[in-house]
Amino acid sequence: MSQSEEITQQDPESVQTDSADVVTDHNHKLYIETVGCQMNMLDSELVVADLRKRGYELTQNVKEAETVLFNTCSVREHAEHKIYSSLGRLRYGARKNPKKVIGVMGCMAQKDQKLIFQKAPQVDFVVGTGQLAQVAELIDKARVNHSQNRRSRELAVGLGRKDGKREEITNSFQSYDPLRDPEMRPSPYQAFVRIMIGCDKFCSYCVVPSTRGPEQSRGPREILSEVKVLADQGVKEVTLLGQTVNSYKHTQDGKLYRLSDLLYLIHDVEGIDRIKFVTSYPKDMTNDLLEAIRDLPKATRYLHVPLQHGCDDVLKYMKRGYTVEDYRDMMHRINEILPGCSVSSDFIVGHPGETEESHQKSLESIREFRFKNSFIFKYSERPGTKAAERFEDDIPEEIKKRRNNEMLDLQNEISEADNAEFIGRQVEVLVEGPSKSALKASDNSADSLAEQLMGRSKCDRIVVFDGNPRLAGSLADVEVIDVTPTTLIGNIITREYQHQSGASLPILQ
Ligand code: 5AD
Ligand code: SF4
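- The protein is annotated in an unreviewed UniProt entry as tRNA-2-methylthio-N(6)-dimethylallyladenosine synthase of Gimesia panareensis.
- Regarding the protein, the relevant UniProt record gives this comment under Catalytic activity (unreviewed entry): "N(6)-dimethylallyladenosine(37) in tRNA + (sulfur carrier)-SH + AH2 + 2 S-adenosyl-L-methionine = 2-methylsulfanyl-N(6)-dimethylallyladenosine(37) in tRNA + (sulfur carrier)-H + 5'-deoxyadenosine + L-methionine + A + S-adenosyl-L-homocysteine + 2 H(+)".
- According to UniProt, the comment filed for the protein under the heading Subcellular location (unreviewed entry) is "Cytoplasm".

**Some points on the packing of helix α14 (residues 356-369) against helix α16 (residues 397-420)**
- Here α14 crosses α16 at 15 degrees, and the two axes come no closer than 10 Å. Of the possible angle classes, the one that applies to α14 and α16 is roughly parallel. Handedness of the crossing formed by α14 with α16: right-handed. Here α14 contributes E356, H359, S362, L363, I366 and R367 to the contact with α16, which in turn contributes R402, R403, E406, M407, L410, Q411 and I414.
- Here the contact of α14 with α16 is composed, by residue class, of five nonpolar, three polar and five charged.

**Examining the site of ligand 2**
- For ligand 2, the full set of nearby residues is C199, K201, F202, C203, Y205, C206, V208, P209, T244 and R320.
- By residue class, the composition of the shell around ligand 2 is seven nonpolar, one polar and two charged.

**Some details on the site of ligand 1**
- Around ligand 1, the neighbouring residues are V75, R76, Y205, Q308, D346, I348, F377, K378, Y379, S380 and R382.
- One nitrogen or oxygen atom from the side chain of R76 is found 2.9 Å from an oxygen atom belonging to ligand 1.
- Separating an oxygen atom of ligand 1 from a side-chain N or O atom of D346 is a distance of 2.6 Å.
- Burial of ligand 1 by the protein chains amounts to 86% of its free accessible area of 410 Å².
- Sorting the residues of the shell around ligand 1 by element identifies β16 (342-349) and β17 (374-378) as the ones contributing at least two each.
- Residues of the shell around ligand 1, tallied by class, amount to five nonpolar, two polar and four charged.

**With respect to a positive patch on the surface**
- Positive charge collects at one region of the surface, where K162, K319, K386 and R390 lie side by side.
- Tracing the chain through its elements places K386 in helix α15 (residues 386-390).

**Quick notes on the UniProt feature "binding site: [4Fe-4S] cluster 2" (unreviewed entry) in the protein**
- Feature annotation in UniProt places "binding site: [4Fe-4S] cluster 2" (unreviewed entry) on C199, C203 and C206, given in this structure's numbering.
- On the accessibility criterion, C199 (8% relative accessible area) is buried.
- When sequence neighbours within four positions are dropped, the list of residues in contact with C199 reads R161, V208, P209, G213, P214, E215, Q243 and T244.
- Mapped onto the fold, C203 is located in the loop between β9 (196-197) and α8 (208-211).
- Ignoring any residue separated from it by four or fewer positions in sequence, one finds C203 in contact with M318, K319 and R320.

**Observations concerning the confidence of the model for the protein**
- Confidence in the prediction of the protein, expressed as mean pLDDT, is 90, and 90% of residues score 70 or more.
- The low-confidence segment residues 1-20, where pLDDT is below 50, has 38 contacts with residues more than four positions distant or belonging to other chains.
- A low-confidence stretch, residues 496-501 stays under pLDDT 50, and its non-local contacts, those more than four residues away or across chains, total six contacts.

**Observations regarding the UniProt feature "binding site: [4Fe-4S] cluster 1" (unreviewed entry) in the protein**
- Per the UniProt annotation, the sites labelled "binding site: [4Fe-4S] cluster 1" (unreviewed entry) are C37, C73 and C107. Spatial clustering of the annotated residues is evident: they stretch over 71 residues in sequence, but the largest pairwise C-alpha distance comes to 10.5 Å.
- Mapped onto the elements, C73 comes out in the loop between β4 (67-72) and α3 (77-96).
- Judged by its relative accessible area of 10%, C73 falls in the buried class.
- Here C107 shows up in helix α4 (residues 107-112).
- On the basis of relative accessible area, C107 is assigned to the buried category, the value being 8%.

**Thoughts on helix α2 (residues 38-53)**
- In a regular helix each residue adds 1.5 Å, so 16 residues correspond to 22 Å; α2 covers 23 Å between its end C-alpha atoms and thus fits that length.
- Across the 16 residues of α2, twelve count as buried, placing the element largely inside the fold.
- Among the residues of α2, those classed as buried are M39, N40, L42, D43, S44, E45, L46, V47, V48, A49, D50 and L51.
- Within two residues after α2, G55 carries a phi angle of roughly 100 degrees, on the positive side.

**Overview of the pairing of strand β21 (residues 475-483)**
- As judged from the five bridges shared by strand β18 (residues 426-434) and β21, these two strands associate in the antiparallel manner. Bridge pairing links V427 to V478 in β21.
- Direction of pairing for β21 relative to strand β22 (residues 487-493): antiparallel, over a ladder of six bridges. Residue V480 lies in a different strand from β22, and its bridge partner there is G490.

About the thresholds
- Residues numbered from 1 in each chain as written.
- Chains lettered and ligands numbered in written order.
- Predicted model: local features only at pLDDT ≥ 70, side-chain atom pairs only at ≥ 80, totals over all residues.
- Heavy atoms only, no water.
- UniProt positions renumbered as here; feature names shortened; annotations may be inferred.
- Axes fitted to C-alpha atoms, helices over the stretch in contact; angles between N-to-C directions.
- Helix = DSSP H or I, 4+ residues; strand = E, 2+ residues; numbered from the N terminus.
- Parallel < 35°, antiparallel > 145°, perpendicular 65-115°, else oblique.
- Left-handed = near helix turned anticlockwise from the far one by under 90°.
- Contact = heavy atoms within 4.5 Å.
- Nonpolar A, V, L, I, M, F, W, Y, C, P; charged D, E, K, R; others polar.
- Near = heavy atom within 4 Å.
- Polar contact = N/O pair within 3.5 Å; in protein donor to acceptor, adjacent residues only side chain to side chain.
- Areas by Shrake-Rupley, 256 points an atom, 1.4 Å probe, with all protein chains shown as cover.
- Patch = residues over 30% accessible without salt bridge, like charges linked within 9 Å, V, L, I, M, F, W, Y side chains within 5 Å.
- Salt bridge = Lys/Arg side-chain N within 4 Å of Asp/Glu carboxyl O.
- Lys, Arg positive; Asp, Glu negative; His and termini not counted.
- Charge placed at Lys NZ, Arg CZ, Asp CG, Glu CD.
- Buried < 20%, exposed > 50% of the residue type's maximum accessible area, 1.4 Å probe, protein only.
- pLDDT = per-residue confidence, 0-100.
- Expected span 1.5 Å × (residues − 1).
- Pairing = 2+ DSSP bridges.

So this is what it looks like as structure tokens:
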């Protein structure tokens, strides 16, 4: 049995079709809704690029699209509600236009599987994170069935984490990394590059190990050739993606490659100016990686390393595998090897058993570690996780909200104070293009050569300044004159000006 047959299950009610049949009597408008993390954004980009090659055209109007895809997230219940209500709204449209093909892909597809057909009977196929290569074929199959007034309910998903030998489970999750269409990237100068899939950490609250399967690192040769193609297409910044990206490990031609080795390889690619990676796992933040960042000028001085909680008891419930003291040790090493490196975190508030005292410890950790920013989430019980099995979701929503707001306020205060240190200093910015607020205002504004542009500093701070939009994709020096908790505001300094005037501002990253 081929692998795809093995992992493609069919609903008993469904009707087999000959996949050689292709129905062309439909419009090629494609609508896609994506929720969730950067991995999902990359998956959507790649699926859309593949479908565009087959003649599809993206539309923002779900009503006119005869192919509708949802790329879903299961990390919190709220993200799932969002998709189920979008599916609910589509019910009438699907009845009215029988040509409409609807597919659900991603983490919720892997997690809920057939339940999706029960909750949303208008869905034609459900395709997991490890089967994305099958999307085009599943759309064609659904179309053939619709043309014959039949509905197939195709389910293509990976195995559960206890449903076979490790190798079988691993093989049922395939990384999807076809060559892409440069026009489809959200920015011509930036690209995500997947270096690994899955997760083996099994934090007690988290669905990712089951929705994305076992940890698997892609080979360095494959990754490098993808980065070279991207650089040839004009990409300046690559962001390497993995759930625990610094756990990257791959043996090729008898040599073990870790993330630090990969950074060296990518650093040599001509045209690439910046290399970032997310998300890191605290226990795997080894010195060889920090030293590689120190020694490689293209590596950003920025690490996203979620602490999740500031109380050891809660970290233990979470099965994170470290204590606050371990995290402190990591922060010391980061500050020693990479002075000025910014660190951001994720936190969960309202985890079962979180007392007021333990919440105070999370606040204290924000004060101590002075994160550049923190993403703060209210605990959401996820069926199938260890936390859901072991603990009652016992913190009332009101308390979760209050704790969430307290953390946000404190983090904002710290971010603004630390950003203020940049006032009067110069930062090197990779210019991304017009800022969002400039885009909004552009309808009313008078034409002028200078627009409000945005980019990021080498320590990943958002920087806005006025400049010529043609600077997009280049590195610019900006003097910071004001700040908010999230943004540095500045004036561009041309390199010639610096040279002629000899003006020297202290350079921060
Ligand atoms: N409830 C709330 N937040 C969660 N996260 C992961 N699982 C849950 C959950 N069940 C958060 C973690 C993780 C981020 C991506 O989402 O903080 O780092
Ligand atoms: Fe989820 Fe933990 Fe893996 Fe992150 S490290 S994806 S929180 S299980």
